[in-house]
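This is what each chain is made of:
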Amino acid sequence: MTTHPIVDRLFDGEMLLLDGGTGSELQRRGADVLKEAEDRVKAWSATANVEFADVVQQVHSDYLRVGADIIISNNFWTTPTRLERIGERDNWRKYATAAIRNAVQARDAMNPGAYVAGGIAAPSLQGGLPPVHNPVSDTQQLGVRAYRKEWADHAKLLADEGADVMLPEYVGFIEDCVVAVDGCAEAGLPVFLGVRHIMEDGTMNYGESLADLAGALEGHPVDAVLIMCSNPENISKGLPILREAFEGPVGAYPNLGYNPTGPIVNAPMLTNQKPSAGEDILQTAEYYPSRVAEFAAEWKGMGAQIIGGCCAAGPEHIQAMRPVVMG
C-alpha cells in the first residue's frame, strides 16, 4: 500500500491517471462476464473474479503497466442486491473478497506506489439505461437504512482487504449519492463519488442538476466527484458545471461504447447513443485512443484532476492519455 495519501496529492494540485474499463476488457479477453444475462447484464462481471481471477489480474496489471496511478477493483456489482439476480446473494462476500484481492495483488506486484480504489456500483434497481419511465431511486426502493448498509458493509470489507480509497460509482440520483458516500465513509477511507450517465445538456441521469448535487453533498464525507460512464461529449457539458459548483477535486472517466450482450434486447440504445446491434462488443467508433486523449486534454483544461476510462476503454486508451494527463 502506498504511503502517500491520495487526498494530499490531489489537494497539492497533482493530476492522477485512472485505469480504464474492467468488465468490457474482461469480455474482450474471453472471460465470461454475462452469467444468466441473456438480455440484461444482471451481476455482470462479478463472478469472473473467482472464475477468471487470472484474467482479472492481467487486466489490472496492464493498466498499471501503461502508467495508471489508480486501478479500480472489479467490485462493480459484487453486491447482495445484484448477485441475488443470479442466485448468489448469500455468496456476495466471496466474490467481493476475490475482486479486491485480485486488484491488491496486481498493484503490489506491478507498482506498490499506485492506489486501489474499491469501486462499488449502485444497485440501479430502476435500470440505468434510458428510457426509464417514472424512475424511483434506490434509496426509496430499498429504504435508507438498507441502502446505506449495503454500501457500508461492502466498503468495510474492501478496506480490510487493502483498498486505499472508496469509489461508490454508477450512482444516478442525488439522494442516492448522499447516502452512498455516507455509507462508504464508515470504512474510514477517503471517498470519491462516480456519477453516471450525464445527458447532452449536462444534467444528471434523471434530469437533476450537478450544481444541486454539489449542494446536497456539502457537509458529507466526499473527497472528489467524478463524472463516469457517460460519452465524452456529455462529460464536456457536465464537467464545467460540476467544477464551478463543487469545491473539491473533480474528474472524468468516459464510456466509449460497450455492447455487452450484442445486442441488448431490452435496451436498443446504449449510454453513448450508438445502436446496440450486431455481434461487436466494443463500439469505440470515433473514440480511438488519440481522440480520447484530446478529450482528456479538454477535461484537464476544465479543472479535472483524475482522468481515465470506463466501458470499452482499454489499456491503449489509458496509455494514450497518460502524456496528456501527466504532462
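Keep in mind the model is a prediction, meaning the values are calculated, not measured. (Residues numbered from 1 in each chain as written. Predicted model: local features only at pLDDT ≥ 70, side-chain atom pairs only at ≥ 80, totals over all residues. Heavy atoms only, no water.)

Novice: Help me understand the pattern of salt bridges in this model?
Specialist: Where charged atoms from two side chains of opposite charge come close, those side chains can pair. Overall, the coordinates contain 15 salt bridges when judged by the stated rule. Glu25 is the partner of Arg29 in a salt bridge, and the nearest nitrogen-oxygen pair spans 3.1 Å. Judged by relative accessible area, which is 30%, Arg29 ranks as partly exposed. Overall, Glu25 belongs to the buried group, its relative accessible area being 4%. Here Arg28 makes a salt bridge to Glu316, at a shortest N to O gap of 3.1 Å. Here the residue Arg28 occupies a position in helix H2 (residues 23–28), and Glu316 occupies one in helix H13 (residues 315–326), the gap between them amounting to 288 residues. (Salt bridge = Lys/Arg side-chain N within 4 Å of Asp/Glu carboxyl O. Buried < 20%, exposed > 50% of the residue type's maximum accessible area, 1.4 Å probe, protein only. Helix = DSSP H or I, 4+ residues; strand = E, 2+ residues; numbered from the N terminus.)

Novice: For this particular structure, what's the right way to read the pairing of strand S7 (residues 250–253)?
Specialist: For a regular strand, side-chain orientation follows a simple rule: the groups alternate between the two sheet faces. What you see with S7 is no split at all: Val250 and Ala252 on one side and Gly251 and Tyr253 on the other are buried throughout. Pairing of strand S6 (residues 224–228) with S7 involves four bridges; the strand directions are parallel. Looking at the pairing, Leu226 lines up with Gly251 of S7. As a crossover connection, the stretch from S6 through helix H11 (residues 232–245) into S7 is right-handed. (Pairing = 2+ DSSP bridges. Right-handed = clockwise from strand over helix to strand, strands pointing away.)

Novice: Sorry if this is basic, but what is going on with the environment of Asn231 here?
Specialist: Considering the arrangement of structural elements, one finds Asn231 in the loop between S6 and H11. Assessed through its relative accessible area of 8%, Asn231 is described here as buried.

Novice: Is there a simple way to explain helix H9 (residues 174–185) in this structure?
Specialist: Each α-helix turn comprises 3.6 residues. Residues three or four places apart therefore point the same way. Compared with the 16 Å implied by 1.5 Å per residue over 12 residues, the 17 Å span of H9 between its first and last C-alpha is a close match. Most of H9 sits out of view: 10 of its 12 residues are buried. Those residues of H9 that sit buried are Ile174, Asp176, Cys177, Val178, Val179, Ala180, Val181, Asp182, Gly183 and Cys184. Looking at the packing, one finds that the buried side of H9 touches helix H7 (138–142), helix H8 (144–160), strand S4 (165–169), strand S5 (192–196) and helix H10 (210–217). (Expected span 1.5 Å × (residues − 1). Contact = heavy atoms within 4.5 Å.)

Novice: Would you explain unusual backbone geometry in this entry?
Specialist: Backbone phi values are negative for most residues with the exception of glycine, while trans is the configuration of most peptide bonds. Even without a glycine there, the phi angle at Trp44 is positive, about 50 degrees. Structurally, Trp44 is set in the loop between H2 and helix H3 (48–51). On the accessibility criterion, Trp44 (10% relative accessible area) is buried. For Tyr170, which is not glycine, the phi dihedral falls at a positive 55 degrees. The topology assignment puts Tyr170 in the loop between S4 and H9. Looking at Tyr170, the relative accessible area reads 8%, which means it is buried.

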